[in-house]
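Results of the structural survey
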Amino acid sequence: MNKLVVATNNAHKLSEIRAIIGDDIELLTLADINCFDDIPETADTLEGNALQKARYIYEKYGVDCFADDTGLEVTALGGGPGVHTARYAYADRHDPKANTEKLLRELEGAADRSAQFRTVVALILGGEEHLFEGIVRGQIPTEERGTDGFGYDPVFAPEELGKTFAEVGPEVKNEVSHRARAVKKLAAFLKSL
Ligand code: IMP
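I will try to describe carefully the structure that is included in this document. (Residues numbered from 1 in each chain as written. Predicted model: local features only at pLDDT ≥ 70, side-chain atom pairs only at ≥ 80, totals over all residues. Heavy atoms only, no water.)

1. Thoughts on the environment of Gly127
- By the element assignment, Gly127 lies in the loop between strand E5 (114-125) and strand E6 (128-139).
- Overall, Gly127 belongs to the partly exposed group, its relative accessible area being 39%.
- Separated by 65 residues in sequence, Gly127 and Gly62 have C-alpha atoms that sit 8.7 Å apart. (Helix = DSSP H or I, 4+ residues; strand = E, 2+ residues; numbered from the N terminus. Buried < 20%, exposed > 50% of the residue type's maximum accessible area, 1.4 Å probe, protein only.)

2. Examining helix H3 (residues 96-106)
- For H3, the full list of buried residues reads Ala98, Asn99, Thr100, Lys102, Leu103 and Leu104.
- Lining the buried residues of H3 we find strand E3 (65-74). (Contact = heavy atoms within 4.5 Å.)

3. Quick look at the site of the ligand
- Within the structure, the ligand sits among 14 residues, and Lys13, Thr70, Asp153, Lys173 and Arg179 are positioned closest to it.
- One nitrogen or oxygen atom from the side chain of Asp69 is found 3.0 Å from an oxygen atom belonging to the ligand.
- At 3.0 Å, a side-chain N or O of His94 approaches an oxygen atom of the ligand.
- Coverage of the ligand by the protein chains reaches 92% of its 470 Å² of free accessible surface.
- Put simply, the parts of the chain that give the shell around the ligand at least two residues each are E3 and helix H5 (178-191).
- Across the shell around the ligand, the residue classes break down as four nonpolar, five polar and five charged. (Near = heavy atom within 4 Å. Polar contact = N/O pair within 3.5 Å; in protein donor to acceptor, adjacent residues only side chain to side chain. Areas by Shrake-Rupley, 256 points an atom, 1.4 Å probe, with all protein chains shown as cover. Nonpolar A, V, L, I, M, F, W, Y, C, P; charged D, E, K, R; others polar.)

Have a look at this one:
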């Protein structure tokens, strides 16, 4: 196996993933395989969504592939927004700016600002399914900090760094991030084959 489709067109994610997987495996995006579909993500867990996306690609294109799904799990919000992280502010669309603003609003005055980012990667290789999980624990600051990255990066500060992902930039982020941890497990599995 030397080619693997990643179920994303997000350039940020792709470069994070490429930096970990290395050059031995050629990573193809959805655009590379001419997939411009709005892939359904209707499951009620991260595991379910990651598998749903990977199965969609595998069944339609017959290629080895992996998909990830990520949720921000905030203690004071009972583990939410979790599987609803992308559409936290608006149920019908992804508005990252509105999402971070809503999060800060919901946590106004909260004593407990702990949270974790959790990523699940679903790999389908030769028809077999494998799941890998990555978790990073941290805190939600009281205001946005930093300008690097994407999504909730300015409002999540991992324990290991004490600064937000948006303050440290991609290299440092990749050392501890939820997705990096899940993708490192995936990379180790692929190397072991
Ligand atoms: P997805 O499952 O990767 O599509 O991500 C779900 C939601 O979490 C989206 O709102 C993303 O912007 C957000 N998200 C995923 N990964 C990260 C990250 O590494 N930093 C900040 N936000 C993220």
